[in-house]
Amino acid sequence: MLSFIKKNPYVLWILYIPAYFATFIALEKRTDVDFHIIHSVLDDKIPFCEFFIIPYYMWFAFVFITVGILILKDKKEFNLMAWHLALGMTVFLLVSWLYPNKLELRPDTFPRENIFTNIVRFLYSQDTDTNVLPSIHVYNSLSVTIGMLRCKVSKDRIWVKMIYVTLTTLIIMSTVFLKQHSIIDVITAIFMGVIFYTAVYVIAPAIQSRSVKEEQAVLQESESA
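Residues numbered from 1 in each chain as written. Predicted model: local features only at pLDDT ≥ 70, side-chain atom pairs only at ≥ 80, totals over all residues. Heavy atoms only, no water.

> Help me understand the pattern of salt bridges in this model?
In total, this model carries three salt bridges according to the counting rule given. The salt bridge involving glutamate 77 is made with arginine 150; its shortest N-O contact spans 2.8 Å. With glutamate 77 in helix α5 (residues 75–98) and arginine 150 in helix α7 (residues 136–150), this pair connects stretches of sequence that are 73 residues apart. (Salt bridge = Lys/Arg side-chain N within 4 Å of Asp/Glu carboxyl O. Helix = DSSP H or I, 4+ residues; strand = E, 2+ residues; numbered from the N terminus.)

> Hey, could you run me through the confidence of the model for the protein in this one?
Segments scoring low in pLDDT should not have their predicted coordinates read at a detailed level. Counting all residues, the mean pLDDT for the protein is 89, and 88% of those residues have values of 70 or more. Confidence, read as mean pLDDT per element, is least for helix α1 (residues 2–7) in the protein (58) and greatest for strand β1 (residues 36–37) (96). (pLDDT = per-residue confidence, 0-100.)

> Got a minute to help me understand unusual backbone geometry in this structure?
For residues that are not glycine, phi is negative in most cases, and the peptide bond is trans in most cases. Cis geometry marks the peptide bond from leucine 133 to proline 134, where omega comes out at -10 degrees. Within the secondary structure layout, proline 134 lies in the loop between α6 (115–126) and α7. Even without being a glycine, asparagine 131 presents a positive backbone phi close to 55 degrees. Checked against the element boundaries, asparagine 131 lands in the loop between α6 and α7. Unusually for a residue other than glycine, lysine 179 sits at a positive phi of about 65 degrees. With respect to the secondary-structure elements, lysine 179 resides in the loop between α8 (158–177) and α9 (183–224).

> How should I be thinking about the environment of tyrosine 16 in this particular structure?
On the secondary structure map, tyrosine 16 appears in helix α2 (residues 10–28). Separated by 74 residues in the primary sequence, tyrosine 16 and threonine 90 have C-alpha atoms spaced 9.8 Å apart. Sequence-distant contacts of tyrosine 16, defined by excluding residues within four places in its chain, comprise Ala86, Met89 and Thr90. One polar contact links tyrosine 16 to threonine 90, side chain to side chain, over a distance of 2.8 Å. (Contact = heavy atoms within 4.5 Å. Polar contact = N/O pair within 3.5 Å; in protein donor to acceptor, adjacent residues only side chain to side chain.)

> So what exactly am I meant to see when it comes to the side chain of glutamine 180 here?
Relative to the assigned elements, glutamine 180 resides in the loop between α8 and α9. Of note is the side chain of glutamine 180, whose polar atom sits 3.0 Å from the side chain of tyrosine 56. Within the structure, glutamine 180 has its side chain in polar contact with the side chain of aspartate 127 (distance 2.9 Å). Those residues within four positions of glutamine 180 in sequence are excluded, and the remaining contacts are Tyr56, Leu103, Arg106, Leu123, Tyr124, Asp127, Val132 and Thr175.

> What is the right way to read the packing of aromatic side chains from this model?
Aromatic ring pairs are described here by two measures, namely the spacing of the ring centres and the angle between the planes. Applying the stated criterion across every chain yields a total of 13 aromatic pairs. Connected via pairs of aromatic rings, a cluster forms that spans Tyr16, Tyr20, Phe21, Phe24 and Phe92. (Phe/Tyr/Trp six-rings, centres within 6.5 Å; stacked < 30°, edge-to-face > 60°.)

> Honestly, the nonpolar core in this entry has me stumped. Any pointers?
Nonpolar side chains in soluble globular proteins generally cluster together in the buried interior. Counting 30 residues, the largest nonpolar core has Trp13, Tyr20, Val67, Phe78, Met81 and Met89 as the members making the most contacts within it. Elements with a minimum of two residues in this core: α2, α4 (53–73), α5, α7, α8 and α9. Of all the elements, α5 adds the most residues to this core, at nine residues. Leaving out residues up to four positions away in the same chain, methionine 89 has contacts with Trp13, Tyr16, Tyr20, Ile136, Tyr139 and Asn140. The next biggest cluster of nonpolar side chains, apart from the first, holds 20 residues, and it includes Ile46, Ile172, Val176 and Ala189. (Core = buried A, V, L, I, M, F, W, Y, C linked by side-chain atoms within 4.5 Å. Buried < 20%, exposed > 50% of the residue type's maximum accessible area, 1.4 Å probe, protein only.)

> Looking at this structure, how should I read α8?
Each α-helix turn comprises 3.6 residues. Residues three or four places apart therefore point the same way. Under the 1.5 Å per step criterion, the end-to-end length of α8 is 28 Å for 20 residues, consistent within 8% with the ideal 28 Å. Among all positions of α8, only Val160, Tyr164, Leu167, Thr168, Ile171, Ile172, Ser174, Thr175, Val176 and Phe177 are buried. Looking one or two places after α8, you find lysine 179, whose phi comes out positive at around 65 degrees. (Expected span 1.5 Å × (residues − 1).)

> What should I look at first to understand a nonpolar patch on the surface in this one?
A surface patch of nonpolar side chains, about 470 Å² in accessible area, is lined by Tyr57, Phe60, Ile115, Ile119 and Phe122. Those elements that place two or more of their residues in the nonpolar patch are α4 and α6. Tallying contributions element by element places α6 first for the nonpolar patch, with three residues. Structurally, isoleucine 115 is set in helix α6. Note on isoleucine 115: relative accessible area 59%, which makes it exposed. (Patch = residues over 30% accessible without salt bridge, like charges linked within 9 Å, V, L, I, M, F, W, Y side chains within 5 Å. Areas by Shrake-Rupley, 256 points an atom, 1.4 Å probe, with all protein chains shown as cover.)

This is how it looks when you write it as structure tokens:
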């Protein structure tokens, strides 16, 4: 069983996702807590723009497709990306539990009426404005982009890298222009992304490499004895 999981790390990811969503839904349904309002003066300077609903909703396919590509094409990078995703998403759940938070940024009325504002209105009706810190939309976008930029699929394809960087930028912008997140949520998500990038892609491989070298040194000593 352990060897199968080691060869197919996506199995653990598949088990993690239901657990994550079950916990998130439970947090979303809480009503007996005092929510801390997340707000920055910069939020008031960012105008509402309904057209950003397009990249906002593209995020779901963006994450799903990237995960699928890495599972099929580069399991090593998938494993690293999955750790990066899981660490950030778990911290998000802990923050939401220990520090209940919400926004008060959504407009009471829209400056325009069109198909895009109708979609935003639907989004607001389905998604609460609680548990927003840090932004998972932002964090996961950065995480899958890191995975794809490192993946062998994009090694010699500059156009793939450009698409990912552009789409990630638009998704991040969409969170604040749709008033789904405060700029504080965005900054904390980026900060968390950097921390876990260092842990997963720099520190962990260095420790693993050192451990392998020590094992090889011990083996060489035992063989020469």
